[in-house]
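Per-entry structural report
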Amino acid sequence: MVEIARINTLIAELMQTYRQALAVKHIHDERIFRKVLCCDYEKILHALVELKSVNLPDLLNTRFFPSTPAMAQILLTQAKFLHLNHIGFEVLEPLDLILQGIDYWAAHLNKNLGFAVKVQKYLRFPASQNFQNRVNAYTEIMCIWLQIEEQHFMLEFFDIARSHEALLPNKTDMIYHISPERLLTHHAQSRHHEEAMKSLFGNDSIWHYSMSLQEREAVNDLHHQLTDFTLTHTDYKMAYAMPIENKHDGTYHTKIINIPLKLELELCHISPIINQPTLL
């Protein structure tokens with residue numbers, strides 16, 4: 001009872017502290033606020049499962065380009081690694097609130113996973129004007145680098161100034177049946193993971209996988225090839241007319257979208273970061 005009372009007090013204090021930022025997302029009710037906190041945490045956990053388990057050749061050949069293996073091979077020849085660079089998605093919490101909660105959810109992961117989870121650093125910056133035009137709202141991005149045991153991962157959070165209503169999962173009742181922390185160590189629950197991914201990310205129009213490219217010029221070459229590809233393969237479209245240069249994180253990238261799957265793939269070359277990430 002003492003713990004429940006403490007959590008209730010904390011929730012009330014957070015709502016008061018971040019009331020203006022929460023209001024931008026139309027979050028005024030404590031019940032909705034709790035649902036938002038759970039949703040973001042679940043998205044983080046299931047995104048980590050994807051980062052640990054997704055193999056780039058399988059992703060390209062069997063999921064993203066299942067009917068055009070030649071295109072998958074073109075991308076693979078330019079890939080720097082055969083694992084994902086990162087996963088990016090929209091969060092419902094203001095980034096200030098996520099930063100305040102980092103120590104809490106890292107400790108929670110440590111407790112439930114049974115091995116060390118460390119938040120190493122983060123980088124926070126405004127989204128490109130191209131992206132903000134795409135979503136028609138001011139957007140801030142935060143990249144967070146994590147270490148889980150000996151593996152390193154990066155998550156990219158998009159804080160978009162718009163209502164929470166369209167983003168919440170369609171089926172919140174099935175998300176919480178199995179502790180997602182178990183998914184990071186026990187793959188017997190893979191069916192649950194797949195269902196949760198569909199529910200958690202189903203309304204997220206900007207979530208994406210990102211793969212690293214060996215050369216900067218490969219971004220331009222692949223952008224042009226993929227643009228031509230979309231002219232004859234109408235199940236695909238480009239997110240932008242031209243590649244995007246991001247001065248904040250040193251990336252140069254383009255994106256292609258598999259429309260039926262509502263799945264977005266970023267092709268990214270990473271230069272030395274201009275503004276070094278903040279160490280935690």
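Residues numbered from 1 in each chain as written. Predicted model: local features only at pLDDT ≥ 70, side-chain atom pairs only at ≥ 80, totals over all residues. Heavy atoms only, no water.

**Re the packing of aromatic side chains**
Cut-off, in case you're wondering: Between the rings of Phe, Tyr and Trp (Trp by its six-membered ring), a pair exists once the centres lie within 6.5 Å; its type follows the angle of the planes, with under 30 degrees stacked, over 60 edge-to-face, and the other angles tilted. The buried label applies to any residue whose accessible area, calculated with a 1.4 Å probe on protein chains only, is under 20% of its type's maximum; exposed applies above 50%, and partly exposed to all values in between. Here, a charge over a ring means that NZ of Lys or CZ of Arg falls within 6 Å of the ring centre while also lying within 35 degrees of the ring normal.
Summed over all chains, the structure comprises 10 aromatic pairs. Summarising the aromatic geometry, the rings of Trp207 and Tyr209 are spaced 5.0 Å apart at their centres and angled 65° between planes, so their arrangement reads as edge-to-face. Summarising the burial analysis for this pair, Trp207 and Tyr209 share the class buried. Over the face of the ring belonging to Trp145 we find Lys121, whose NZ or CZ atom lies 5.3 Å from the ring centre. The residue whose ring lies beneath Arg216 is Tyr252, and the NZ or CZ to ring-centre distance is 4.0 Å.

**A look at the packing of helix 5 (residues 69-78) against helix 9 (residues 216-232)**
Put simply, the rule reads: Working convention: axes come from line fits to C-alpha atoms, limited for helices to the stretch in contact. Angles between N-to-C directions cover 0 to 180 degrees. Think of it this way: any DSSP run of H or I at least four residues long counts as a helix, any run of E at least two long counts as a strand, and we number them from the N terminus. Throughout, the term roughly parallel applies to angles under 35 degrees, roughly antiparallel to angles over 145, roughly perpendicular to angles from 65 to 115, and oblique to all others. By definition, residues are in contact when any of their heavy atoms lie within 4.5 Å. Polar here means any residue other than Ala, Val, Leu, Ile, Met, Phe, Trp, Tyr, Cys and Pro, which are nonpolar, and Asp, Glu, Lys and Arg, which are charged; Gly is therefore polar.
Orientation of helix 5 relative to helix 9, taken along the N-to-C sense of each, is 175°, at an axis distance of 11 Å. Here helix 9 runs roughly antiparallel to helix 5, going by the angle between their axes. Where helix 5 approaches helix 9, its residues Met71, Ile74, Leu75 and Gln78 are matched on the opposing element by Ala218, Leu222, Gln225, Leu226 and Phe229. Looking at side-chain class alone, the contact of helix 5 with helix 9 contains 7 nonpolar, 2 polar and no charged residues.

**A short note on helix 5**
In an α-helix, one turn spans 3.6 residues; hence positions three or four apart end up facing the same way. Definition in use: This arc describes the spread of directions from the helix axis toward the C-beta atoms.
Burial in helix 5 covers these residues: Met71, Ala72, Leu75 and Leu76. In a view along the axis of helix 5, the buried residues occupy a sector of 140°, so they form one face of it. Exposed side of helix 5, more than 90 degrees from the buried face: Ala70 and Thr77 are the residues found there. Contacts from the buried residues of helix 5 go to helix 4 (56-64), strand 5 (208-212), helix 9 and strand 9 (263-270).

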